[in-house]
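Working through the structure, step by step
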Amino acid sequence: MTEFVLALVLGLLFALGTFLVLRRDVVRVVWGVSIISQAANVYLVTMGLLDGTVPVLEGHGEGAGAVTDPLVQALVLTAIVIGFGTTAFALVLTYRVYEEHGTIDLLELGGETDGN
Amino acid sequence: MATEQVVVAPLLVALVTAILTLVVHRYVRVQKVVSALGGLAYVGAVAMLIQRVRSGAGSHGVEGVLTYQLSEWGAPFGITLVADDLSAFMLGLTAVVSLLALAFSIQYVDEAGQRVSYHPLYHFMLVGVTGSFLTADIFNLFVWFEVMLMSSYVLVVFYSGPQHTKAALQYVVLNLVGSAFMLLAIGGLYSTTGTLNMADLARRLADPASFGISLVPVLGLSAVLFVVFALKAGIVPFQWWVPAAYRAAPAPVSAMLAGVVKKVGIYAIIRLYFTVFANAAPMDLSLPGVVGESTLAFFGPVLFIMGAASIILGGVAAVNRDNVDDLLAYSSIGQVGFIVIALAFAAGGVVAGWEAPDPYGSVAVLGLAAALVYSLNHALAKAALFLASGAVYESVGSIEFDDLGGIAGRMPLLSTGFFVAALSLVGIPPLLGFFGKFLVFDAAVNAGSNLGIGLALLGAILTIAYVTRAWNRGFWGERSEAVEQATPQYGLFATVLVLAVVALGVGVAFDPVVDAAIDAANAALGTGDYIEAVGLEESLTSGGGGH
């Protein structure tokens, strides 16, 4: 059941991200990219199986049983930090685009001639 | 000794230089000196590493493959860095281009720009490139890609004018989506194979039954990963970010992006698809147009189609551009097509086991060697041309063909550099480009691909067409007013000339280069040695007892 819910949520997140990336507004595009990368992070966590227990408990007391893979969680931490940096940069860039062009509408941006 | 410190030397040098240039950013002169010394030290570190690899030193008794285990954690538990002939070849190419582009930058980029961020970013980009060439861990590869990209984002938007911000926005969003895809592919590969270490991955794929791996999802995930690498390499249909980004970036950065950063995508394709995924046990593909049971049987035709499309699109589009940078950007799409099509022949050679005359032995080795020599040629020649374009801009104040004309008479030194680099791109003997093209044709002939020969021929003709046009409109003909009033920048011209002379020198003394390329090709195909050198352990305790 958990797996089904997770798969559904992931699918929705990716759909939402894709929808936003295809918008005309640059800020929405940046939101979309950041949602896609967060969805990728959630997906990565689910790759480590969800039904185990905390890894440090192994060998301490009875009934520790199956262990959730801690590696993917370490990977996700790295990916979150990178995602944070890139999202911040993308937002600053958006502001800079607004300063330079006076608009963040992608159609208007694309319509400008290459001469300037 | 399992760990070779020399493997991390280039990485450390670039990283330390990046940090030092940040520390001394208040003192512009000191910063320039530190940056230049760092560039030289990088070349020294790479030379040391290449010398060590080529002299046959190795880890776990495998000659020519050096490994470094981070914090002495045994593979596959820790992160492994591997330097073999393939990595050494790519690092050598990086070292030459990066030093000259740096020498160019110090004179070219304006003082304020250099003071703020240029040097740290440049060296951080170098860190990312170096790490990508050395790592043997697919998640670590993702991290190095991000290090490289993060710096390149800022370098592309460096001038932050209207066109630059627009180009950078496209470049950033595209690569962020690419990074998310890479993460998905890596996560999927980890969950299906249970490892991130490339050597371990190759070993497990060879024996999927005993590790409980289903190979078909691995193929699908590797295809997702392939998209990311194709995006980095700028192959059709992922090429459209290239012209805007190259045009926006400062000339020395365009030289690095086209010469070196693109090759990271090519390297990743060679390393992962030829060393790792090609090792997978035979599987039933039953896909239309795919003959064979290896992963390369699937990627061979894909590489061929993408390479062919790149050659045609890049070549045709380059012919009628209005300015030098756009022409060079489209040209590099076409030139990377040549590299990719050579990889397609190599993939066909691996699948069918075709033989080739000595000294290659097989079409697989010949195709890979062709791709590598072509990469080196493209790195040197295209970097020289982008630097030449920057030098023209700095001297004349424009790179639009309409404003140019008659540079050859006005600035003969620069024109000589441009001419030699352009001839190398076309492939005139004794320049390196001739051998690059020759090897690609040789691979096509030995692969028995008439279509491939035709495409390569078409690409060569298109190259001649656009190079001739650039020369005619920019360097020959009547001197335009802007050229007449130009102030020649001899320091910049010298850098261009040095790169062109390197392309000439490497062509004249081609034997060691082709030997290195053949060894690199053999290293790429020598999965067994790669696995053995990494020295996989079965459990975390070094005694092998386990618990």
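For clarity, every value in this text was computed on a predicted model and none was experimentally measured.

Structural notes on the overall build of chain B
- Of the regular secondary structure elements, chain B holds 22 helices and two strands.
- Compactness check: chain B gives a C-alpha radius of gyration of 23 Å against a globular reference of 24 Å for 547 residues, within 12% of the reference.
- The dimensions of chain B, computed from C-alpha atoms along their principal axes, are 75 × 55 × 40 Å.
- Counting across all 547 residues of chain B, residues that qualify as buried make up 65%.
- Expressed as a percentage of contacts within chain B between residues at least 6 apart in sequence, the contacts between residues at least 24 apart total 78%.

With respect to the overall build of chain A
- Looking only at helices and strands, chain A has four helices and zero strands in total.
- Ordered by position from the N terminus, the helices and strands of chain A form the series α-α-α-α.
- Counting every position in chain A, which comprises 116 residues, the buried fraction comes to 24%.
- Pairs at least 24 apart in sequence give 48% of the contacts found in chain A among residues at least 6 apart.

Section: helix α5 (residues 138-156) of chain B
- Counted at 1.5 Å a residue, the expected span for α5(B) with its 19 residues is 27 Å, and the 26 Å between its end C-alpha atoms agrees.
- Within α5(B), 19 of the 19 residues are buried, which leaves it mostly tucked inside the rest of the structure.

Quick word on the packing of helix α1 (residues 9-23) of chain B against helix α4 (residues 111-134) of chain B
Residue and element names in this part refer to chain B.
- For the pair α1 and α4, the least separation of the axes is 8 Å and the interaxial angle reads 165°. Between α1 and α4, the crossing angle belongs to the class labelled roughly antiparallel. Where α1 crosses over α4, the two elements pack in a sense that is left-handed. Residues Pro10, Leu11, Ala14, Leu15, Thr17, Ala18, Thr21 and Leu22 of α1 form the contact with α4, whose own contacting residues are His119, Pro120, His123, Phe124, Leu126, Val127, Thr130, Gly131 and Leu134.

Things to note about unusual backbone geometry
All names here are of chain B.
- Between Ala75 and the following residue, Pro76, the backbone shows a cis peptide bond with an omega angle of 0°.
- Mapped onto the fold, Pro76 is located in the loop between β1 (66-69) and β2 (80-83).
- Residue Val236 is joined to Pro237 through a cis peptide bond whose omega torsion reads 5°.
- One can find Pro237 in the loop between α9 (215-233) and α10 (242-248).
- Positive phi, normally seen in glycine, also occurs at His60, with a value near 50°.

Thoughts on the interface of chain B and chain A
- Opposite the 25 residues of chain B that make contact, chain A presents 27 residues.
- Looking at which element gives the most residues to the side of chain B that touches chain A, the answer is helix α6 (residues 162-193) of chain B, with 17 residues.

Some points on the confidence of the model for chain A
- On average, residues of chain A score 84 in pLDDT, and 80% of them are at 70 or above.
- Mean pLDDT values for the elements of chain A range from 81 in helix α4 (residues 106-111) of chain A up to 93 in helix α2 (residues 26-46) of chain A.

Here's the deal with the pairing of β1(B)
Residues and elements named next belong to chain B.
- Side-chain alternation along β1 places Leu66 and Tyr68 on one buried face and Thr67 and Gln69 on a second face that is also buried.
- As paired strands, β1 and β2 are joined by four bridges and run antiparallel to one another. Bridging across to β2, Leu66 finds its partner in Ala83.

A word on the confidence of the model for chain B
Residues and elements named next belong to chain B.
- The share of residues in chain B with pLDDT of 70 or more is 98%, and the mean pLDDT across the chain is 91.
- A low-confidence stretch, residues 542-547 (pLDDT under 50), is modelled with six contacts involving residues beyond four sequence positions or located in other chains.
- In the predicted complex, the global pTM is 0.94; the interface-specific ipTM is 0.89.

Points about the environment of Phe139(B)
- Tracing the backbone shows Phe139(B) in helix α5.
- Taking the C-alpha atoms as reference points, Phe139(B) and Ile186(B), 47 residues apart in sequence, are found 6.7 Å from one another.
- Phe139(B) has contacts with Leu75(A), Ile186(B) and Leu196(B), leaving out every residue within four places of it along the chain.

Brief notes about the packing of helix α14 (residues 363-396) of chain B against helix α17 (residues 432-446) of chain B
All names here are of chain B.
- The geometry of α14 relative to α17 is characterised by a closest axis approach of 8 Å and an angle of 155° between their N-to-C directions. Taken together, α14 and α17 sit at an angle that is classed as roughly antiparallel. For the crossing formed where α14 meets α17, the hand is left-handed. Mapping the contact onto sequence places Val363, Leu366, Gly367, Ala369, Ala370, Val373, Tyr374, Leu376, Asn377, Leu380 and Ala381 in α14 and Leu432, Gly433, Phe435, Gly436, Leu439, Val440, Asp442, Ala443 and Asn446 in α17.
- Partitioned by chemical class, the residues of the contact of α14 with α17 number 14 nonpolar, five polar and one charged.

What counts and what doesn't
- Residues numbered from 1 in each chain as written.
- Chains lettered and ligands numbered in written order.
- Predicted model: local features only at pLDDT ≥ 70, side-chain atom pairs only at ≥ 80, totals over all residues.
- Helix = DSSP H or I, 4+ residues; strand = E, 2+ residues; numbered from the N terminus.
- Rg over C-alpha atoms; globule rule 2.2 N^0.38 Å.
- Buried ≥ 20, exposed ≤ 12 C-beta atoms within 10 Å, placed from the backbone.
- Contact = placed C-beta atoms within 7 Å.
- Expected span 1.5 Å × (residues − 1).
- Axes fitted to C-alpha atoms, helices over the stretch in contact; angles between N-to-C directions.
- Parallel < 35°, antiparallel > 145°, perpendicular 65-115°, else oblique.
- Left-handed = near helix turned anticlockwise from the far one by under 90°.
- pLDDT = per-residue confidence, 0-100.
- Pairing = 2+ DSSP bridges.
- Nonpolar A, V, L, I, M, F, W, Y, C, P; charged D, E, K, R; others polar.

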